[in-house]
Amino acid sequence: MSKNSPTVANVHLGYLVNEVYRPYIISKVVVKHLMSFMPFMDEISSEIYTLSDSKTAAVLFLDHLKKVDEPGKYQAFKEALGHANYQNIVKALEDEDIQDDFNHKKIMELFHKKIQQKIDPSILAEDLLAEELISQDQFDEIRNLEEKKNTMDAVFLLLDSIPRMKDQWFETFLKILDRNERKELVEILDDTYYSKQGDGAGSQNISDTLTTYQDINHEAGDVNPGLKQSSLAVHQMAEPSRVNNDVFQEIHALRQILEKQQQLLLTLNSKVENIEHLLQRLVSSKDGNEIS
């Protein structure tokens, strides 16, 4: 069956409505405005009009829409949204750039968590534009919506636009959120993001530390050759995949030993220089006495 067939298109619309845009629809759409355009939903009309909370009504509406047996029901829903002037969601439902992208679904779920209140669309939009995750037209539209105090729609447009420009958009978006100190959003979208970053940083720190130890060991090795063997052992033990607390403690202890050894070398060197200077004075004094 062709993906352009009415049946497949309706199934895809159903996925977008129920899995991707449901949080935004619940937050934004007053479903009683749609009822007159969808007569097959009359079974729940009295309850919809009775409910004072629009979000509760939207949940009831979407749940019933999912269950009702009506050909082309999601196409009818999209058309009803258009008649009620919900153009943002209509445009999103018509855009075929995104199919069933799991990460796209995750960022749209931020509406369900009311996280959109913590997003400043103008600031994020500037970074997204710089990273080419949104177009100039999308940036201008986001700014225009925010200037009209329509922040919810601005955030919706921002979040919905991100997955449409690049294949590797998700990691870039997480980095932008992190740069803008939105750690809670990063962790909601990817709870392993910071642990993955930490592993990389930890491995680099270990490598840098071992390099420092090797430099110290090179200087101290002539005084205590055994330290070279200790340093080599620590280097072998401290491969990132095998590092644990015991190894870190051994590294720390070795570093203290090496630092003390280096300090001892400096002290001994200073004393040797003093002795050499004293001997030179004694020799000079002796030579002077013999001449006289």
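Residues numbered from 1 in each chain as written. Predicted model: local features only at pLDDT ≥ 70, side-chain atom pairs only at ≥ 80, totals over all residues. Heavy atoms only, no water.

A.B. asks: What am I meant to see in the packing of helix 8 (residues 121-130) against helix 10 (residues 151-161) here?
C.D. replies: In helix packing, the relevant descriptors are the interaxial angle and the interaxial distance, both defined with respect to the helix axes. At a closest axis distance of 10 Å, the pairing of helix 8 and helix 10 adopts a crossing angle of 20°. Comparing the axis directions of helix 8 and helix 10 gives the class roughly parallel. Two packed elements cross with a definite hand, and for helix 8 against helix 10 that hand is left-handed. Contacts between helix 8 and helix 10 pair Pro121, Leu124, Ala125 and Leu128 from the former with Thr151, Ala154, Val155 and Leu158 from the latter. Residues belonging to the contact of helix 8 with helix 10 are distributed by class as follows: seven nonpolar, one polar and no charged. (Axes fitted to C-alpha atoms, helices over the stretch in contact; angles between N-to-C directions. Helix = DSSP H or I, 4+ residues; strand = E, 2+ residues; numbered from the N terminus. Parallel < 35°, antiparallel > 145°, perpendicular 65-115°, else oblique. Left-handed = near helix turned anticlockwise from the far one by under 90°. Contact = heavy atoms within 4.5 Å. Nonpolar A, V, L, I, M, F, W, Y, C, P; charged D, E, K, R; others polar.)

A.B. asks: Help me understand the packing of aromatic side chains in this model?
C.D. replies: Any two aromatic rings considered together are summarised by their centre-to-centre distance and by the angle between their planes. This model, assessed by the stated rule, comprises five aromatic pairs. Among the aromatic side chains, those forming a connected cluster through ring pairs are Tyr21, Tyr24 and Phe156. Between the NZ or CZ atom of Lys183 and the centre of the ring of Tyr194, over which it lies, the distance is 5.2 Å. (Phe/Tyr/Trp six-rings, centres within 6.5 Å; stacked < 30°, edge-to-face > 60°. Lys NZ or Arg CZ within 6 Å of the ring centre and 35° of its normal.)

A.B. asks: Sorry, what's going on with the packing of helix 5 (residues 73-83) against helix 6 (residues 87-94) here?
C.D. replies: Relative orientation of the contacting elements helix 5 and helix 6 amounts to 145°, with a least axis distance of 8 Å. The hand of the helix 5/helix 6 crossing is left-handed. Contact residues: Lys78, Leu81 and Gly82 in helix 5; Gln87, Ile89, Val90, Leu93 and Glu94 in helix 6. Taken together, the residues that form the contact of helix 5 with helix 6 break down as four nonpolar, two polar and two charged.

A.B. asks: Explain the nonpolar core to me, please; I cannot follow it from the model alone.
C.D. replies: One recurring pattern in soluble globular proteins is that nonpolar side chains are buried together. Judged by nonpolar contacts, the single largest core of 62 residues is most densely connected at Tyr21, Phe61, Phe77 and Leu159. Once residues within four sequence positions are removed from consideration, Phe61 is found in contact with Val31, Leu34, Met35, Met38, Met41, Ile44, Ile48 and Phe77. (Core = buried A, V, L, I, M, F, W, Y, C linked by side-chain atoms within 4.5 Å. Buried < 20%, exposed > 50% of the residue type's maximum accessible area, 1.4 Å probe, protein only.)

A.B. asks: Explain the environment of Lys183 to me, please; I cannot follow it from the model alone.
C.D. replies: With respect to the secondary-structure elements, Lys183 resides in helix 12 (residues 183-189). Between the alpha carbons of Lys183 and Tyr193 there is a distance of 9.8 Å; along the sequence they are 10 residues apart.

In short, geometric facts, not functional conclusions.
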